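Each chain, letter by letter, is given below.
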Amino acid sequence: MLRLIFLRIGFFVVFGFFGVMAFLQPEVYMSFVPEFAVGLTGLSQENLLFIAGALEIAVALMMLMWRFTRFGFSIAVIFLIAIVGSSLSLEQWDIAARDFGLLSASFYGMWRSWMI
C-alpha cells in the first residue's frame, strides 16, 4: 500500500511538472511533438503540446484523488505508450528509455490500484 502511495506522489510530481512547463515554456518542448502527429491530427504543434500538457495535468490531479487513481494510471499508460513510440520514431533513445521506465511504473500502478 505504501509503495502505491509513493508511486502516486511521484507521478503527481512528474506529470504535474511537465504539464505545467508545457504551458509556461512551450518553445522548449515544441521539438518533442512529432511531425507525423501534426499531419495525422491536422492541429498545430503548439495545440498538440497544449493538449498533451492538459492531459498531463489531469493525470497529475487524478493521482491526488484516490477515487480516480485507477483511471489516472490507465490514461498514463496510454499516454506513455504514445510518448515512447514517438520518442523511438524521432530516435531520441535516452528520452524513450526514461519514459519506458515511467511506462513500467504506470503498469505496476495500474495493476496494484485494480487489486485494492
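As a reminder, the structure under discussion sits directly above these lines.
Residues numbered from 1 in each chain as written. Predicted model: local features only at pLDDT ≥ 70, side-chain atom pairs only at ≥ 80, totals over all residues. Heavy atoms only, no water.

Peer 1: Would you mind showing me how to read the overall build of the chain here?
Peer 2: Per the secondary structure count, the chain includes six helices and zero strands. N-terminal to C-terminal, the α/β element order of the chain is α-α-α-α-α-α. Scaling as 2.2 N^0.38, a compact globule of 116 residues should have a C-alpha radius of gyration of about 13 Å, and the chain matches this with 14 Å. Expressed as lengths along the three principal axes of its C-alpha atoms, the size of the chain is roughly 40 × 25 × 20 Å. The burial tally for the chain puts 39% of its 116 residues in the buried class. Per element, the accessible surface of the chain, about 6,900 Å² overall, is 74% carbon and sulfur. (Helix = DSSP H or I, 4+ residues; strand = E, 2+ residues; numbered from the N terminus. Rg over C-alpha atoms; globule rule 2.2 N^0.38 Å. Buried < 20%, exposed > 50% of the residue type's maximum accessible area, 1.4 Å probe, protein only. Areas by Shrake-Rupley, 256 points an atom, 1.4 Å probe, with all protein chains shown as cover.)

Peer 1: I tried to follow unusual backbone geometry on my own but got confused; where do I start?
Peer 2: Leaving glycine out, the prevailing phi sign among residues is negative, and the prevailing peptide bond configuration is trans. If you check the backbone angles, Glu 91 has positive phi at about 55° while not being a glycine. By secondary structure assignment, the location of Glu 91 is in the loop between α5 (69–89) and α6 (93–115). We classify Glu 91 as exposed; its relative accessible area is 57%.

Peer 1: How do you make sense of the pattern of salt bridges when you look at a structure like this?
Peer 2: Side-chain pairs of opposite charge can arise where the charged atoms are in close proximity. Per the counting criterion, the structure on display carries one salt bridge. Here Arg 98 and Asp 99 are joined by a salt bridge, their closest N and O atoms 3.0 Å apart. Overall, Asp 99 belongs to the buried group, its relative accessible area being 4%. (Salt bridge = Lys/Arg side-chain N within 4 Å of Asp/Glu carboxyl O.)

Peer 1: When you look at helix α4 (residues 45–64) in this model, what are you seeing that I'm missing?
Peer 2: For an α-helix the count is 3.6 residues per turn, leaving residues at separations of three or four pointing the same way. With 20 residues, α4 should cover 28 Å at 1.5 Å per step; its first-to-last C-alpha distance of 29 Å lies within 8% of that length. Among all positions in α4, only Leu 48, Leu 49, Gly 53, Glu 56, Val 59, Ala 60, Met 62 and Met 63 are buried. For α4, the secondary structure elements touched by its buried residues are α1 (2–24), α2 (26–29), α3 (35–41) and α5. (Expected span 1.5 Å × (residues − 1). Contact = heavy atoms within 4.5 Å.)

Peer 1: Looking at this structure, I do not really get the environment of Phe 18. What am I missing?
Peer 2: For Phe 18, the location among the structural elements is in helix α1. Looking at Phe 18, the relative accessible area reads 29%, which means it is partly exposed. Considering only alpha carbons, one finds Phe 18 and Glu 46, 28 residues apart in sequence, at a separation of 15 Å. Here Phe 18 is in contact with Tyr 29, Glu 56 and Arg 98, once residues within four sequence places are set aside.

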